[in-house]
Amino acid sequence: MTTYRVGLLLFDDIEVLDFAGPYEVLSVTQDEQQDKPFTVVTISQTGQEIKARNGLRVTPDYSFEDHPPLDILIVPGGYGAREVESKNPVLIDWVKQQNESVEIMTSVCTGAFILAEAGLLKGKKVTTHWTTLDRLENEFPELTVIRGVKFIDEGHIITSAGISAGIEMALHLVAELTTLETARHTAKHMEYDWQTQY
């Protein structure tokens, strides 16, 4: 069985469900042999506690300096993503570096602004939270912004719409990297009404 190490980027003012949704999906996934195909770790710039939107405090597993190699990186959104971290040169450089080594780079919600600032979305179809679709399109005219979808899979890069759409994107990852049945079982375990497009 292939095991994928998934890194979840954390920062202040992150949208809680943006990271908690994919974390839950990938952490509870088990295949038909009860093996876990995903190991999920959380990473922040310093490794110190972050304060998510509405005050939730989270202590990351690792910092940019000491995390293990990743196969998949998930870049969540929220106010901190679009207004602060997308302008943070240290974080942007780290995302660029990770893009060179990960198998799959993903964003949830306005995490797309971080990927766009890093230059990773040029010429690609992308999506984000519905309230910032126009802003993404205006600030990054080299992208093709798609409306009315939960996620866009461009192969190496996957972007998803807002908040709960990260769950849809994570279930898509499960289906693509393991089996559709495993993804369906994960959704059922979570009591999540997954309207699969498969």
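Residues numbered from 1 in each chain as written. Predicted model: local features only at pLDDT ≥ 70, side-chain atom pairs only at ≥ 80, totals over all residues. Heavy atoms only, no water.

Draft legend 1. Local environment of the nonpolar core. By size, the foremost hydrophobic cluster in this structure holds 61 residues, and its most contacted members are Leu26, Ile72, Val95, Met105 and Leu136. Ignoring any residue separated from it by four or fewer positions in sequence, one finds Val95 in contact with Met105, Ile114, Leu115, Ala118 and Leu120. (Core = buried A, V, L, I, M, F, W, Y, C linked by side-chain atoms within 4.5 Å. Buried < 20%, exposed > 50% of the residue type's maximum accessible area, 1.4 Å probe, protein only. Contact = heavy atoms within 4.5 Å.)

Draft legend 2. Focus on the packing of helix α6 (residues 165-177) against helix α7 (residues 180-189). One way to put it is that α6 packs onto α7 with a least axis distance of 6 Å and a crossing angle of 145°. Contacts between α6 and α7 pair Leu171, Val174 and Ala175 from the former with Leu180, Thr182, Ala183, Thr186 and Ala187 from the latter. (Axes fitted to C-alpha atoms, helices over the stretch in contact; angles between N-to-C directions. Helix = DSSP H or I, 4+ residues; strand = E, 2+ residues; numbered from the N terminus.)

Draft legend 3. Seen up close, the packing of aromatic side chains. For the coordinates displayed, the defined rule picks out three aromatic pairs. Between Phe113 and Phe140, the ring centres sit 6.3 Å apart and the planes meet at 70°, which makes this aromatic pair edge-to-face. Of this pair, Phe113 sits in helix α4 (residues 111-117) while Phe140 sits in the loop between α5 (133-139) and β9 (144-145), and the two are 27 residues apart along the sequence. Its relative accessible area of 1% is what places Phe113 among the buried residues. (Phe/Tyr/Trp six-rings, centres within 6.5 Å; stacked < 30°, edge-to-face > 60°.)

Draft legend 4. Local environment of the pairing of strand β7 (residues 104-108). Counted residue by residue, β7 has five buried out of five residues, so it is predominantly covered. Relative to strand β11 (residues 157-160), β7 runs parallel, the two being bridged by four bridges. Looking at the pairing, Thr106 lines up with Ile158 of β11. (Pairing = 2+ DSSP bridges.)

Draft legend 5. Region of the structure containing the side chain of Ser160. Within the element layout of this structure, Ser160 appears in strand β11. Classification of Ser160 as buried rests on a relative accessible area of 0%. Once residues lying within four places of it in the same chain are set aside, the contact partners of Ser160 are Ser107, Val108, Cys109, Thr127, Thr128, Lys150, Phe151, Ala165, Gly166 and Met169.

Draft legend 6. Focus on unusual backbone geometry. With a phi close to 60°, Asp13 is a non-glycine residue in the positive phi region. By the secondary structure assignment, Asp13 is in the loop between β1 (4-9) and α1 (16-28). Positive phi, normally seen in glycine, also occurs at Glu191, with a value near 55°. Along the chain, the position of Glu191 falls in the segment after α7. Judged by its relative accessible area of 75%, Glu191 falls in the exposed class.

Draft legend 7. The arrangement of the environment of His156 in detail. Here His156 lies in the loop between β10 (151-153) and β11. His156 gets classed as partly exposed once you look at its relative accessible area, which sits at 30%. Considering only alpha carbons, one finds His156 and Asn99, 57 residues apart in sequence, at a separation of 9.0 Å. Contact partners of His156, with chain neighbours within four places excluded, come to Asn99, Val102, Glu103, Ile104 and Met105. Within the local environment of His156, its side chain forms a polar contact with the backbone oxygen of Glu103, the two atoms lying 3.0 Å apart. (Polar contact = N/O pair within 3.5 Å; in protein donor to acceptor, adjacent residues only side chain to side chain.)

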